[in-house]
Amino acid sequence: MQDDLIELDKRYYIHPVINYRAHEKRGATIIKSGDGAYLTDIEGNTLLDAFSGLWCVNTGYGHESIVEAAQEQMRTLPYATGYFHFASEPAIKLAAKLVEITPSSLQHVFFSMGGSDAVDSAIRFIVHYFNSLGKPTKKQFISIERGYHGSSSQGAGLTALPVFHNNFDLPLPNQHKIACPYSYRLAHGHDADAVITESVAALKSKVDEIGVDNVAAFFCEPIIGSGGVIVPPKGWLKAMQECCNELGILFVVDEVITGFGRTGTMFASEAEDVQPDLMTVAKGLTAGYAPMGAVMMSDHVYQTIAGSESNSAPVGHGFTYSAHPVSAAIALEVIRLYEEGGLLENAQKVAPFFEQGLQALLDHPLVGDARSRGLLGALELVCDKQTKAQFDPSLKLPEKISDAAYKNRVIFRSFADGILGFAPALCYREEDFAILFERVKKTLDEVLADPDVQAAIS
């Protein structure tokens, strides 16, 4: 059975973000079930998931109350369009709940199917906004090097990772980047004020270069996720918002990864009292139990797009599965678990164990940096701690790490540049972290013993 599935997968299933020829040779790793923070593969191996699926299963697996919410909604009303003037009860209640728990500047919700199309939707709304204001030249967008904003046709251009640009004719001519606040690799990285000052100056310089009358918006993640879990200093996000306000450009916070308890507060913006013009969310919204994303929108953006009563033209943007009632019902129960079910409180309680475990690994010969906020963190591997030199790509260190980690029954993200990403579920217990770091250390020790790795270090 397993071999049949692997062959079917190789023949028919196109996977995201892999080399297709390599996958044809390797085949799939098939996951069969999940419970709490643990997964079981088709061979019966139990694995500790330290990445919450893909930064999304914030609740952990197997919550019966989520399954029951989905079942009840499926029996009652499995689908309802959100087009025209139609709606469903769970979608309406979810919209109100999201306005309640997100920053106070955000008063309206547009539902998408995930993070990538939420970003694309935000771009479309921003274009509409400035056209409606009579400022049609404001069509230029700025984001951050190493940032990630999805892999849609436009969002992948705001993303600043080469793999999402290769052979896709991206980024687009109206998409620009400023330097990443990558403290570990900045000469003054230990100086938070200097990092913040540099980012603000870079944004002002880029806007001046393009022309303030041409710049529409600045997109950023509170913590740069897929670019290597880069954690800017506290105060950075607030400073970027204030800079955008001063420049008269829209400030868009992408909380697809950082939202719903991932960084210690319900949203990372909350920790610095940041008030975005728009915010994109997904992943933890439904904890990965069903597809759903959203664009949170300020009232001034909404009112401008809404136009006047005399203008009867619709705003021509939407998706068949926007505000899907089953996804909305799931999201409502997931948010209840964060708040009333104690998951957010638990995440805050156990975050110190996560941080301590990462910091303890700084003593390992391979580890150059350890960084985290809440339950989002990374280890950065280097072949020379003094120079911070990275391993040569020909060594294929990420593959070595991933293979060893799976053998040691732990799953995390091994990025191409030697960064290991972690996003444990909010249901983790102290004993789960003890297991996690025991297995991570064993994995690092085994990779360190590899002759090619030894040669690179020496």
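Our subject is the structure listed above.
In what follows, the accompanying structure is described. (Residues numbered from 1 in each chain as written. Predicted model: local features only at pLDDT ≥ 70, side-chain atom pairs only at ≥ 80, totals over all residues. Heavy atoms only, no water.)

Remarks on the nonpolar core
Inside soluble globular proteins, nonpolar side chains tend to come together where they are buried. Threshold: Working definition of a nonpolar core: buried Ala, Val, Leu, Ile, Met, Phe, Trp, Tyr and Cys residues. They are joined through side-chain atoms within 4.5 Å. The classification of residues rests on relative accessible area computed with a 1.4 Å probe and restricted to protein chains. Under 20% of the type maximum is buried, over 50% is exposed, and intermediate values are partly exposed. In this text, helices come from DSSP runs of H or I with a minimum length of four residues, and strands from runs of E with a minimum of two, each type numbered from the N-terminal end. Two residues form a contact once any of their heavy atoms are found within 4.5 Å.
Grouped together as the largest cluster of nonpolar side chains are 68 residues, with contacts concentrated most on Leu 98, Phe 260, Leu 379, Phe 422, Leu 436 and Leu 444. For this core, the element with the highest residue contribution is helix H11 (residues 325–339), accounting for eight residues. Setting aside chain neighbours within four positions, we find Phe 260 in contact with Asn 58, Leu 98, Ile 101, Met 266, Phe 267, Val 281, Ala 282, Gly 284, Leu 285, Ile 335, Tyr 338 and Leu 426.

Overview of helix H9 (residues 236–247)
Helical geometry: 3.6 residues make up each α-helical turn, so side chains three or four residues apart lie on a common side. Selection rule: Helix span, as expected, comes to 1.5 Å for every residue beyond the first.
Given a rise of 1.5 Å per residue, twelve residues ought to cover 16 Å, and the 17 Å separating the end C-alpha atoms of H9 matches this to within 8%. Residues of H9 that are buried include every one of Trp 236, Leu 237, Ala 239, Met 240, Gln 241, Cys 243, Cys 244 and Leu 247, and no others. In this structure, the buried residues of H9 make contact with strand E5 (140–144), strand E6 (175–178), helix H8 (192–210), strand E7 (215–220) and strand E8 (250–254). Just downstream of H9 lies Gly 248, where phi reads positive at about 80°.

Structural notes on the pattern of salt bridges
For side chains of opposite charge, pairing can occur when their charged atoms come near one another. Just so we agree on the cut-off: By salt bridge we mean one thing: a side-chain nitrogen of Lys or Arg within 4 Å of a carboxyl oxygen of Asp or Glu.
Applying the stated criterion across every chain yields a total of 18 salt bridges. Here Lys 97 and Glu 100 are joined by a salt bridge, their closest N and O atoms 3.1 Å apart. Separated by three residues within a single helix, Lys 97 and Glu 100 lie in helix H5 (residues 89–101), roughly one turn from each other. Judged by its relative accessible area of 56%, Glu 100 falls in the exposed class. Between Arg 336 and Glu 340 there is a salt bridge, with the nearest N and O atoms lying 3.9 Å from each other. It is possible to trace a salt-bridge network through shared partners that takes in Arg 185, Asp 369, Arg 371 and Glu 380.

Some remarks on the packing of aromatic side chains
Short version of the rule: Centre distance within 6.5 Å is the pairing criterion for rings of Phe, Tyr and Trp, where only the six-membered ring of Trp is used; planes under 30 degrees apart are then read as stacked, over 60 as edge-to-face, and the remainder as tilted.
Overall, the coordinates contain 16 aromatic pairs when judged by the stated rule. Measuring from ring centre to ring centre gives 5.3 Å for Phe 110 and Phe 125, while their planes differ by 80°; the resulting arrangement is edge-to-face. Taken together, the positions of Phe 110 in strand E4 (residues 106–112) and Phe 125 in helix H6 (residues 115–132) put the pair 15 residues apart, joining distant regions of the chain. Phe 110 gets classed as buried once you look at its relative accessible area, which sits at 16%. Every member of this aromatic cluster is reached through a ring pair, and the members are Phe 354, Tyr 428, Phe 433 and Phe 437.

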